[in-house]
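# Summary of structural features
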Amino acid sequence: ALPAGRGLVVVGPGLFSTDFSVALADAARRLALPVLADPLSGLRFGPDADAVLTTQDALLRNPRAAQSLRPDWVLRFGGAPVSKVLGQWLAGVPTLLVDPAGGWRDPGHDVQRRIVAEPAGACAALTAGSAPDPSWAAGWRQADGRVRHLADAHLTHAPWCEAQLIRTLLGRIPPGEALLCGNSLPIRQLDTWSSTSARPLTLHGNRGASGIDGQLSTLAGLNHAAPQAAAPCWALLGDLSAVHDLSGWLLSAHLRRPVVVINNGGGRIFDYLPQHGLPGFETLWRTPVAPDLGALAGAFGLVHRRIDDAAALAAALDSASRADASGPQRRPLLEVYVDADESRSLHRAFWDAVTAASL
């Protein structure tokens with residue numbers, strides 16, 4: 001039985017069986033439990049995606065919501081979530097960890113009990129420690145919906161940035177295919193702006209040793225897998241990741257879908273962190289690179305296209321899809337230019353709007 005009081009399910013990064021999403025959605029409805037889904041959980045896309053919530057990174061910046069929605073305990077599946085805000089907010093909350101391999105992934109040292117079981121089976125066996133409270137789950141869902149509305153409204157007249165890039169890309173990937181999302185800023189932007197979709201999509205991530213290494217090699221491996229073992233995999237990478245794994249481009253013959261590279265002038269994740277503005281920040285933290293990705297693409301047998309707005313990206317992705325349908329093609333490397341300072345201002349303005357909102 002689960003503990004008494006108000007509970008919360010958090011699903012972090014992980015590879016789960018196909019029946020997990022169904023079992024979790026059933027348990028969440030039966031026990032009136034909100035489910036927060038990390039982008040790498042695999043739960044934001046597919047027929048059961050409407051059972052999960054996704055806006056927690058922005059939502060929990062609202063101090064009133066953060067206080068009123070704080071749970072008495074957490075049931076976690078998978079690894080630690082991408083969102084630092086969520087991780088800090090959960091500090092000190094007693095946690096039950098379900099891990100079929102018997103691992104102890106507990107960076108916050110909050111796990112009080114580990115359950116070694118298959119996640120789907122664990123969901124089916126869950127029973128309430130106290131009477132389910134539908135208003136608790138309804139309050140979470142209402143707040144999540146309001147933040148989604150704020151995000152949509154915020155982007156209606158927003159300048160070109162990663163948010164439109166991510167939404168355009170996710171809308172063009174055919175159902176049942178896959179996306180490798182680079183670490184650092186891309187996965188965090190995807191966490192903020194991706195929402196949910198009934199269209200199935202497998203989302204991959206590879207933390208590597210430093211967060212930006214091995215991305216192209218991972219992508220090649222995912223695409224080289226036999227068609228029955230893996231779906232064709234697209235890629236969304238930052239500019240540093242794209243040049244950090246240069247030897248991975250040697251495997252470009254294995255690519256089956258486009259590679260989208262965000263050119264925003266280096267490691268822009270640090271623009272959101274406390275180091276921003278320190279002496280030597282540009283050289284020591286942001287570490288901008290200026291490779292000629294057009295020349296690089298030609299050297300490795302890819303077709304380079306420069307993208308400056310949503311319309312150009314949509315056209316390039318549609319063109320790539322038509323080419324795929326007509327037979328083997330040279331894969332495109334789509335270099336997408338983003339004004340990082342403008343994007344950061346837009347992102348922070350959205351957080352400010354959530355902070356000030358009545359949720």
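In what follows, the accompanying structure is described. Only a predicted model underlies this, so the values are computations on that prediction, with no experimental measurement involved. (Residues numbered from 1 in each chain as written. Predicted model: local features only at pLDDT ≥ 70, side-chain atom pairs only at ≥ 80, totals over all residues. Heavy atoms only, no water.)

For helix α6 (residues 134-156), spanning 23 residues, the distance from its first C-alpha to its last is 33 Å, which sits close to the expected 33 Å at 1.5 Å a residue. Residues of α6 that are buried: W136, W140, A143, D144, V147, A151 and L155. (Helix = DSSP H or I, 4+ residues; strand = E, 2+ residues; numbered from the N terminus. Expected span 1.5 Å × (residues − 1). Buried < 20%, exposed > 50% of the residue type's maximum accessible area, 1.4 Å probe, protein only.)

Attention now moves to the sheet that holds strand β10 (residues 303-307). Across the sheet, six strands lie side by side as β7-β6-β8-β9-β11-β10; this open sheet has parallel pairing. Either end of the sheet is taken by a strand with one partner, and the two such strands are β7 (202-204) and β10. Strand-to-strand, the axes of this sheet are offset by a mean angle of 20°, without reference to chain direction. Strand direction decides the pairing type here: β10 and strand β11 (residues 332-337), joined by five bridges, are parallel. Across the sheet, residue R306 finds its bridge partner in β11, namely E335. Strands in contact with helix α7 (residues 162-172) are β6 (178-181), β8 (233-238), β9 (259-263) and β11; relative to β8, the strand with the most contacts, it is inclined by about 170°. (Pairing = 2+ DSSP bridges. Axes fitted to C-alpha atoms, helices over the stretch in contact; angles between N-to-C directions. Contact = heavy atoms within 4.5 Å.)

Turning to the nonpolar core, a few remarks are in order. Among the nonpolar cores identified, the biggest contains 33 residues, and L8, W89, W140 and F350 are the most heavily contacted of them. For this core, the secondary-structure elements that each account for two or more residues are β1 (7-11), α2 (56-59), α3 (63-68), α4 (84-89), α6, α8 (185-193) and α14 (340-356). In terms of residues, this core owes the most to one element, α6, which gives six residues. Excluding residues that lie within four positions of it along the chain, F350 makes contacts with A58, V147, L150, A151, H154, T192 and W193. (Core = buried A, V, L, I, M, F, W, Y, C linked by side-chain atoms within 4.5 Å.)

A few words now on unusual backbone geometry. In the Ramachandran plot, A32 falls in the positive-phi region, its phi being about 55° despite a non-glycine side chain. Looking at the secondary structure, you find A32 in the loop between α1 (20-31) and β2 (35-37). Among the residues examined, A32 registers a relative accessible area of 10% and is labelled buried. For S184, which is not a glycine, the phi torsion comes out positive at approximately 65°. In this fold, S184 is placed in the loop between β6 and α8. For S184, a relative accessible area of 19% puts it in the buried group.

Counting across every chain of the model gives 13 salt bridges. Here E282 and R286 are joined by a salt bridge, their closest N and O atoms 2.5 Å apart. Separated by four residues within a single helix, E282 and R286 lie in helix α11 (residues 281-286), roughly one turn from each other. With relative accessibility at 36%, the residue E282 sits in the partly exposed group. You can call R286 buried: its relative accessible area is 10%. (Salt bridge = Lys/Arg side-chain N within 4 Å of Asp/Glu carboxyl O.)

All quantities given are derived from atomic positions and should not be read as evidence of function.
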